[in-house]
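Letter by letter, the chains look like this.
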Amino acid sequence: MEKAKVLLLYTDMYYLIKQVYPFGLDLIANYLRQYGHHVTVEYPFLPDPDPATNLLNILEADRPEFVGLGIRNLDTCLSCEPYGDYVGNDFKTFYFLPEIKKIVDLLKKHLPGVPVIAGGGGFTISPQAILKYLGLEYGVAGEGEESFRQFIEAFPDREKVTLISGLAYIDGDYRVNPRETYCFTDGALPDTREEKFRFAFETTGLPLQVKRGCNQKCGYCVEPIIERGRIVFREMDRVIEEMKVISQLDDNIREIFFVDTEFNLPDLTHCSQLIEGIIEEGLHERFGFTSQFLPRPFDSYFAGLLAEAGFSIILTCDSFSDKVLKRNHISYSQRDIQNTLELCEKNEIPCTLSMIFGLPGETHETVNHSIEQMKRYSPGFLRRYEYTVGGRIYQGTRLCREVEKGEHAAHLYGIRSEGYIAPYYFCAPESPFKLKQYIEKGLGYAIAYENRYDEITTRSLAIAYMADQGRWKEVVWKFMENDLPACSRIYDYLFRKLTGAGRIDEARVISENLLSAIQEDKKGDDYRDQVGLIRFYLSCLG
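Calculation rules
Residues numbered from 1 in each chain as written. Predicted model: local features only at pLDDT ≥ 70, side-chain atom pairs only at ≥ 80, totals over all residues. Heavy atoms only, no water. Helix = DSSP H or I, 4+ residues; strand = E, 2+ residues; numbered from the N terminus. Rg over C-alpha atoms; globule rule 2.2 N^0.38 Å. Buried < 20%, exposed > 50% of the residue type's maximum accessible area, 1.4 Å probe, protein only. Contact = heavy atoms within 4.5 Å. Axes fitted to C-alpha atoms, helices over the stretch in contact; angles between N-to-C directions. Parallel < 35°, antiparallel > 145°, perpendicular 65-115°, else oblique. Left-handed = near helix turned anticlockwise from the far one by under 90°. Nonpolar A, V, L, I, M, F, W, Y, C, P; charged D, E, K, R; others polar. Salt bridge = Lys/Arg side-chain N within 4 Å of Asp/Glu carboxyl O. Pairing = 2+ DSSP bridges. Polar contact = N/O pair within 3.5 Å; in protein donor to acceptor, adjacent residues only side chain to side chain. Phe/Tyr/Trp six-rings, centres within 6.5 Å; stacked < 30°, edge-to-face > 60°. Lys NZ or Arg CZ within 6 Å of the ring centre and 35° of its normal. Disulfide = S-S within 2.5 Å. Core = buried A, V, L, I, M, F, W, Y, C linked by side-chain atoms within 4.5 Å. Right-handed = clockwise from strand over helix to strand, strands pointing away.

**Student:** Sorry if this is basic, but what is going on with the overall build of the protein chain here?
**Tutor:** The helix and strand tally for the protein chain stands at 22 helices and 20 strands. A compact globule built from 542 residues would reach a C-alpha radius of gyration of about 24 Å, and the protein chain, at 24 Å, matches this within 12%. The proportion of buried residues among the 542 residues of the protein chain is 57%. The contacts in the protein chain between residues at least 6 apart in sequence include a share of 72% that link residues at least 24 apart.

The following block contains the structure:
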């Protein structure tokens, strides 16, 4: 067929709060380009605060023949979001599908007849229900590279389209074809990344994949549904080579985040060999590394490797209570958690514990026990805690099946929607808000949720988004018209982008403009440290 023009939209509105790079869309874009298709990846929530304005500008610049929607999450899974936009019975969260539906409605209006295909991890959880909610005809469940390519090259032949693996579609009713076994291909993972989202590397690191799959059976978790239970590895030499290429291409990339479901699965053999390879190639002197880990498997030798390579770890620690862990079919125990924490402390490995309170089997007694252990292994310079309250109920999980059997009726919060796409929680022994208060009282402090949509952050992200696209005249004008807090927050990044592109005059202009704004501001002392930096940068320009 003729080569197609494809638009991929990253619909994660939460990017405005936490800048997670659109890794899945990057894989699809790179894969389709290998077959000669013209692909652009866009974010409809920037740079203008109005998504409709952004989307119309995107469509005006590039009239696509196919549109893919990357749906990363349906919601945040968090039931106690102080700034959330979705309020239920004693819980509050962010819910993303309503905003995504507005985007779909605009696409239908301005691109009549152009197929819109949904996909992503969030979509894979409940493909039929999401298609119905969004009013779409097609989607791809699971890995989308090959299925999306086949769709582009088969459409509009209905007979061929409906044979594609993983395709969700309408045929009288909503149907989902079985997914094929996934395998990595050498060309499927890019050595470079989408320029529009490079700012994300400064906040969450550059994403890199070692394997797919999760062999755990945690009762509430959707990862085995999204990635399936069979673990598939990339060739280790390919992973090392990708890091070496990145290190040569961009000196500003300093952090790598391994996006594996859990880095140390299924055992320590493969991941230990990978870290040994990182050290052997000297990549640990170039990058810092972060990933998600289980408390087991984890031993002294592995901890030593992590420390030598400069890893920080996010430790999945659903509870310290063996009763709760066993009830939810979790593979590790309290002793495993303690062992890992002690090894991390001994080896000075930064560790963030990610906990869940309120899962099935939770009582005030088990909550108190976990709080006691949090105090025993107290937060400090190298250890911190984050936790959620309640278990989000997703379609296809063991927890969902228990709810469908009529269990847990006294501990359910939210609306039981078709496909469980609306926020719906299990929380025991009391409601999310009440349990959160109980935990905070027991700990003696609250763990802050730094996750509100902040206008200053959004304006600074708009500047970064334009700079990452090389829209120099526009971004300088945008910077000059913005207020002092937004300009102060993004100045260093914009200066580095401008000077890196050889735009010395523009770098001088924004520096002098910001320096003048600080000097005129009545709260100029708030920016005293930055004044020194600006003057240093100006001196470097000559």
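Further notes follow.
**Student:** Explain the packing of helix α1 (residues 23-34) against helix α6 (residues 145-154) to me, please; I cannot follow it from the model alone.
**Tutor:** In a packed pair of helices, the relevant descriptors are the angle between the two axes and the axis-to-axis distance. For the pair α1 and α6, interaxial distance at closest approach is 9 Å and the crossing angle is 50 degrees. Regarding the angle of α1 to α6, the classification is oblique. In this structure, the crossing between α1 and α6 has a hand that is right-handed. Only Glu145, Glu146, Phe148, Arg149 and Ile152 of α6 make contact with α1, whose side of the interface consists of Leu27, Ile28, Tyr31 and Leu32. Looking at the contact of α1 with α6 residue by residue, the classes come out as six nonpolar, no polar and three charged.

**Student:** When you look at the pattern of salt bridges in this model, what are you seeing that I'm missing?
**Tutor:** Opposite charge on two side chains allows them to pair when their charged atoms are near. On inspection of all chains with the given rule, the structure shows 38 salt bridges. Where Glu194 meets Arg33, a salt bridge forms, and the shortest distance between an N and an O atom there is 2.9 Å. Of the two residues, Glu194 sits in the loop between β9 (173-176) and α8 (200-203) while Arg33 sits in helix α1, which places them 161 residues apart along the sequence. A relative accessible area of 8% places Glu194 in the buried class. The closest approach of N and O atoms between Lys101 and Asp105, which form a salt bridge, is 3.4 Å. Here Lys101 and its partner Asp105 are both found in helix α3 (residues 97-110), four residues apart, which amounts to about one turn of the helix.

**Student:** How do you make sense of the sheet that holds strand β1 (residues 5-10) when you look at a structure like this?
**Tutor:** Two orientations exist for strands paired in a sheet by backbone hydrogen bonds: parallel and antiparallel. The strand order β2-β1-β3-β6-β7-β8-β9 describes an open sheet built from seven strands, whose pairing is mixed. Where the open sheet ends on each side, the last strands, each with one partner, are β2 (38-42) and β9. On average, each strand axis in the sheet is inclined to that of its neighbour by 25 degrees, with strand direction left out of account. Sheet topology places strand β3 (residues 66-70) next to strand β6 (residues 116-119); four bridges connect them, and they run parallel.

**Student:** Even after reading the chapter, I still don't get the side chain of Asp454, so can you show me in this structure?
**Tutor:** Position of Asp454 among the secondary structure elements: in the loop between α17 (432-443) and α18 (455-468). Classification of Asp454 by relative accessible area gives buried; the value is 18%. At a separation of 3.2 Å, a polar atom in the side chain of Asp454 contacts the main-chain amide nitrogen of Ile456.

**Student:** Looking at this structure, how should I read the packing of aromatic side chains?
**Tutor:** In this description, an aromatic ring pair is defined by two values, namely the gap between the centres and the angle between the planes. Tallied over the entire structure, the rule returns 42 aromatic pairs. Considering the side-chain rings of Phe357 and Tyr387, the 5.4 Å spacing of their centres and the 85 degrees angle between planes classify their relative orientation as edge-to-face. With Phe357 in strand β16 (residues 351-357) and Tyr387 in strand β17 (residues 383-389), this pair connects stretches of sequence that are 30 residues apart. The aromatic ring of Tyr35 is capped on one face by Arg149, whose charged end is 4.6 Å from the ring centroid.

**Student:** Even after reading the chapter, I still don't get the state of the cysteines, so can you show me in this structure?
**Tutor:** By definition, a disulfide links two cysteine residues through a covalent bond between their sulfur atoms. One pass over the structure, following the stated rule, counts zero disulfides. With no disulfide of its own, Cys221 lies 5.9 Å from the sulfur of Cys218, the closest cysteine sulfur. For Cys221, a relative accessible area of 24% gives the class partly exposed.

**Student:** Please explain the nonpolar core as it appears in this structure.
**Tutor:** In summary, soluble globular proteins display a tendency toward joint burial of nonpolar side chains. If you look at the biggest cluster of nonpolar residues, it comprises 183 residues, and the most contacted ones within it are Leu107, Met243, Phe258 and Phe263. Residue contributions to this core peak at eight residues, all from helix α20 (residues 484-500). Ignoring sequence-local partners within four residues, the contact set of Phe263 consists of Val210, Lys211, Phe258, Cys271, Leu274, Ile275, Ser291, Gln292, Phe293, Phe302 and Phe311.

**Student:** So what exactly am I meant to see when it comes to the pairing of β17 here?
**Tutor:** Both faces of the sheet carry side chains from a regular strand, because those side chains alternate between them. The element β17 is extensively covered by neighbouring structure, given that five of its seven residues are classed as buried. In this view, the connection linking β16 to its parallel neighbour β17 by way of helix α15 (residues 364-376) has right-handed handedness.

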